[in-house]
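# Inside the fold
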Amino acid sequence: MLVLCLSATEDFDWAKNNHGSFYYGTFPAGFSWGAGSSAYQTEGAWDKDGKGLSIWDVFSHKKGKIQLNETGDSSCEGYYKIKDDVSLMNEMKLNHYRFSISWPRIIPTGIKSDHINEKGILYYDQLIDHLLENQITPIVTLYHWDLPQVLQEKYGGWQNISIVNHFNEFANLCFERFGSRVKYWITFNNPWSVAVEGYETGEHAPGLRLRGTGAYRAAHHIIKAHAKVWHSYDTQWRGKQKGQVGISLSGDWGEPVDISNQKDIEAAERYVQFYLGWFATPIFHGDYPQVMKDFVGRKSAQQGLGTSRLPTFSPQEKSYIKGTCDFLGIGHFTTRYITQRNNPSGSSSSSSSYFTDRDLAELVDPRWPDPGSEWLYSVPWGFRRLLNFVKTQYGNPMIYVTENGVSEKMLCTELCDEWRIQYYKDYINELLKAIKDGVNVKGYTAWSLLDKFEWDEGYSERFGLYYVDFRNKNKPRYPKASVQFYKRIISSNGFPNQREVENWRRKAVETCSSSNQLLAADPLTSHMEMVTEIVVPTVCTLSILLSAILLMFLLRRRN
């Protein structure tokens, strides 16, 4: 039975922030547990079997764009490791696996009438079939940032309205070829990043810096493309395939610095509306958040512009876009404190940006743990707040958590990832509390299954439950302690009691020491093979060599 997204709203209670204690209990029966990945980050095989170039292939090959000039050319070699990786999922007893289809792998130029690459189709056929053989439900993302390069060069990518039809043709090809087996489709992953980091700051592919206009125009076309694909599925495929189409929106939570200060509350709501609401409000209510229209419109007028830098939807477009969501995917990692800050509008468009349009400042609490990425602080209670905000703003839609996890930045290999265990334990518990609050969440996706290419950060950050040894050409996978912990949450469908959960943690850390021993043998041989290529040894290499020298010295003394 199709559950349509309702559009009723109620007021969110900003004053009610009950952090509370840990809640022991279980998730509803049938709750789906999974892990995720994306094509460019994990597949590798960037130029194999007829795949076309993506904007990330081109961007990562430009010097200075990615940390250490690394690329996703080979990444995890997931293209060649379907059976290996599905067996890892099976070992954890995952209910679902979220992955994305590389548009240029199946349509090399992005234009369907040019050429369809059957070898690319075959790869996804095999992945989907192997998942289903292991009772793992595929949740498939159509666009996880890897736009065909031809569409960027020919049309300007998401800056051009013509891309909407090309994306719709790609989506329909996927429905045609895979839709009899795939019942959960996600049109876009985190369009905020596509728009802001791709077309405003230039940190991500295609690397354009169109300040004040680029992000808004890209987002406008993404929203239209999403709606068109939803309608295509609804009219042509839903009747026979019985699937669902949603979108995955990322959102950090914004908490007012002072909940007794109305200006801070307004700034925090503005932060969330400019982030999540930018995409969710048109999809649920037909138009951009009023606060975005007001702020961008006013600042555009102060610059002497005749029209707002935020594009407008026609009445027909509003009704066409509204309600185009069978479920809402939520990606969430962290929280910020927000306070009011006025950014005066300059007379030139170059002084404007998405960030200055918001009139706010983002702050962090120095006591928040920050084990990995510089932007990612562990603030579990923000997750529950965000989910309750979605419930009140958008009529309690059906939600799948499509991304949640934590990274690490370490020179040495560390499989005993106790901070990740703590992060998952606390965030999943806040999710359980949100469900207890009445939020309609049906599934959770740990981000991510494997360590992988992390966009402009290269391989310097690791989000995986499984460690991938990128120095070894075979890219072997090793379980971190968090694999065992997450597996226990899945098998118990939650947190039975304090004693048992603490026992899980202890056993998980015990098992990772044996994985560490497996890995310790591998770096020694791989470092010896690579010694001619490496000029400066890593800290890990020095540790291993010093240990070996010390051991030889002790043995010699004993003799």
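Note that the structure is a prediction, hence the values are computed from the model and not measured.

### Some points on the pairing of strand β12 (residues 441–446)
Most of β12 sits inside the fold, with five of its six residues counted as buried. Taken together, the four bridges between strand β2 (residues 32–36) and β12 define a ladder with parallel strand orientation. When the bridges of β12 are listed, G34 appears paired with T445. Across four bridges, strand β11 (residues 399–404) lies against β12 in parallel orientation. Among the inter-strand pairings, N404 is bridged to a residue of β12, identified as A446.

### Digging into the confidence of the model for the protein
Predicted confidence across the protein gives a mean pLDDT of 90, with 89% of residues reaching 70 or more. Here residues 1–7 is modelled with pLDDT under 50, and outside its nearest four sequence neighbours on either side it reaches 16 contacts, counting other chains as well. Overall, residues 523–555 carries pLDDT values under 50, and its contacts beyond four positions in sequence, including any with other chains, amount to 16 contacts.

### Quick notes on the sheet that holds strand β8 (residues 328–331)
Pairing within the closed barrel is parallel, and its eight strands lie in the order β2-β3-β4-β5-β6-β8-β11-β12. Mean inter-strand twist for the sheet, computed between neighbouring axes without regard to direction, equals 25°. Pairing analysis gives five bridges linking strand β3 (residues 96–100) to strand β4 (residues 137–143), with the strands arranged parallel. Bridging across to β4, R98 finds its partner in I139. Strands β2, β11 and β12 of the sheet are contacted by helix α15 (residues 418–436), whose axis makes an angle of about 170° with β12.

### Focus on the environment of D370
Here D370 is to be found in the loop between β10 (360–363) and α14 (381–393). Between the C-alpha atom of D370 and that of W419, which follows or precedes it by 49 residues, the distance is 9.5 Å. Setting aside its immediate chain neighbours within four residues, D370 contacts L376 and Y377.

### Topic: the pairing of strand β5 (residues 184–189)
For a regular strand, side chains alternate in direction, first toward one face of the sheet and then toward the other. The element β5 is largely enclosed, with a buried count of five among its six residues. Bridge count between β4 and β5: four bridges; the pairing is parallel. Each residue of the ladder has a partner; that of V140, found in β5, is W185.

### A look at the sheet that holds β10
Sheet architecture is open: three strands sit in the order β7-β9-β10, paired in mixed fashion. The sheet is open, and its two edges are formed by β7 (253–256) and β10, each paired on a single side. The sheet shows a mean angle of 40° between the axes of neighbouring strands, direction not considered. The pairing of strand β9 (residues 335–340) with β10 spans four bridges and is antiparallel.

### Structural notes on the nonpolar core
Here is a general trend for soluble globular proteins: nonpolar side chains tend to be buried in one another's company. If you look at the biggest cluster of nonpolar residues, it comprises 157 residues, and the most contacted ones within it are W158, W185 and W278. The dominant element in this core, judged by the number of residues it contributes, is helix α10 (residues 262–285), at 13 residues. Excluding residues that lie within four positions of it along the chain, W185 makes contacts with I101, V140, L142, C174, F175, F178, G179, Y233, Q244, V245, G246 and F327. With five residues, the next largest nonpolar core counts I139, I186, M398 and Y400 among its residues.

### Points about the environment of D417
Considering the arrangement of structural elements, one finds D417 in the loop between β11 and α15. Along the primary structure D417 and S482 are separated by 65 residues, whereas in three dimensions their C-alpha atoms are 6.4 Å apart.

### A look at helix α16 (residues 481–492)
Taking 1.5 Å as the rise per residue, α16 with twelve residues should run 16 Å; its terminal C-alpha atoms sit 17 Å apart, in good agreement. Listed in full, the buried residues belonging to α16 are A481, S482, V483, F485, Y486, I489 and I490. N493 lies just past α16 and shows a positive phi near 55°.

### Considering the side chain of T445
Tracing the chain through its elements places T445 in strand β12. Classification of T445 by relative accessible area gives buried; the value is 2%. A distance of 2.9 Å separates polar atoms of two side chains, one belonging to T445 and the other to H96. For T445, the side chain forms a polar contact with the main-chain oxygen of V401, separated by 2.8 Å. Setting aside residues up to four positions removed in sequence, T445 forms contacts with G34, A35, G36, H96, R98, V401, T402, E403 and N404.

### As for the packing of helix α5 (residues 118–133) against helix α7 (residues 163–178)
It is the contact of α5 with α7, at a shortest axis distance of 11 Å, that shows an interaxial angle of 55°. Classified by the angle between their axes, α5 and α7 sit oblique to one another. Both α5 and α7 take part in a crossing whose hand is right-handed. On the side of α5, the interface is formed by E118, I121, Y124, D125 and I128, while α7 contributes L173, R177 and F178. Considered class by class, the residues forming the contact of α5 with α7 number five nonpolar, no polar and three charged.

### Notes on unusual backbone geometry
Going from A205 to P206, the amide bond is cis rather than trans, its omega being 5°. Within the secondary structure, P206 is located in the loop between α8 (191–199) and α9 (214–241). The residue after W447, namely S448, is reached through a cis peptide bond having omega 15°. If you trace the backbone, S448 turns up in the loop between β12 and β13 (466–468).

### Things to note about the packing of α8 against α10
Between two packed helices, the angle of one axis relative to the other and the distance separating the axes together describe the packing. Here α8 crosses α10 at 115°, and the two axes come no closer than 10 Å. Crossing hand, α8 versus α10: right-handed. Packed against α8, whose contacting residues are P191, W192, A195 and V196, the element α10 presents F274, Y275, W278 and F279 at the interface. By residue class, the composition of the contact of α8 with α10 is eight nonpolar, no polar and no charged.

### Observations concerning the pattern of salt bridges
Scanning the model with the defined rule gives 33 salt bridges in all. Between R98 and E403 there is a salt bridge, and its shortest N-O distance comes to 3.7 Å. In this pair, R98 is assigned in strand β3 and E403 in strand β11, connecting sequence segments 305 residues apart. For the pair R98 and E403, one class covers both residues: buried. A salt bridge links D326 to R238, with the shortest nitrogen-to-oxygen separation between them at 3.0 Å. Taken together, the residues D326 in the loop between α12 (315–321) and β8 and R238 in helix α9 connect sequence positions 88 residues apart. Owing to a relative accessible area of 11%, R238 belongs among the buried residues under this scheme. Residues participating in the shared-partner salt-bridge network are E408, D417, R420, D451, R462 and K480.

About the cut-offs
Residues numbered from 1 in each chain as written. Predicted model: local features only at pLDDT ≥ 70, side-chain atom pairs only at ≥ 80, totals over all residues. Heavy atoms only, no water. Buried < 20%, exposed > 50% of the residue type's maximum accessible area, 1.4 Å probe, protein only. Helix = DSSP H or I, 4+ residues; strand = E, 2+ residues; numbered from the N terminus. Pairing = 2+ DSSP bridges. pLDDT = per-residue confidence, 0-100. Contact = heavy atoms within 4.5 Å. Axes fitted to C-alpha atoms, helices over the stretch in contact; angles between N-to-C directions. Core = buried A, V, L, I, M, F, W, Y, C linked by side-chain atoms within 4.5 Å. Expected span 1.5 Å × (residues − 1). Polar contact = N/O pair within 3.5 Å; in protein donor to acceptor, adjacent residues only side chain to side chain. Parallel < 35°, antiparallel > 145°, perpendicular 65-115°, else oblique. Left-handed = near helix turned anticlockwise from the far one by under 90°. Nonpolar A, V, L, I, M, F, W, Y, C, P; charged D, E, K, R; others polar. Salt bridge = Lys/Arg side-chain N within 4 Å of Asp/Glu carboxyl O.

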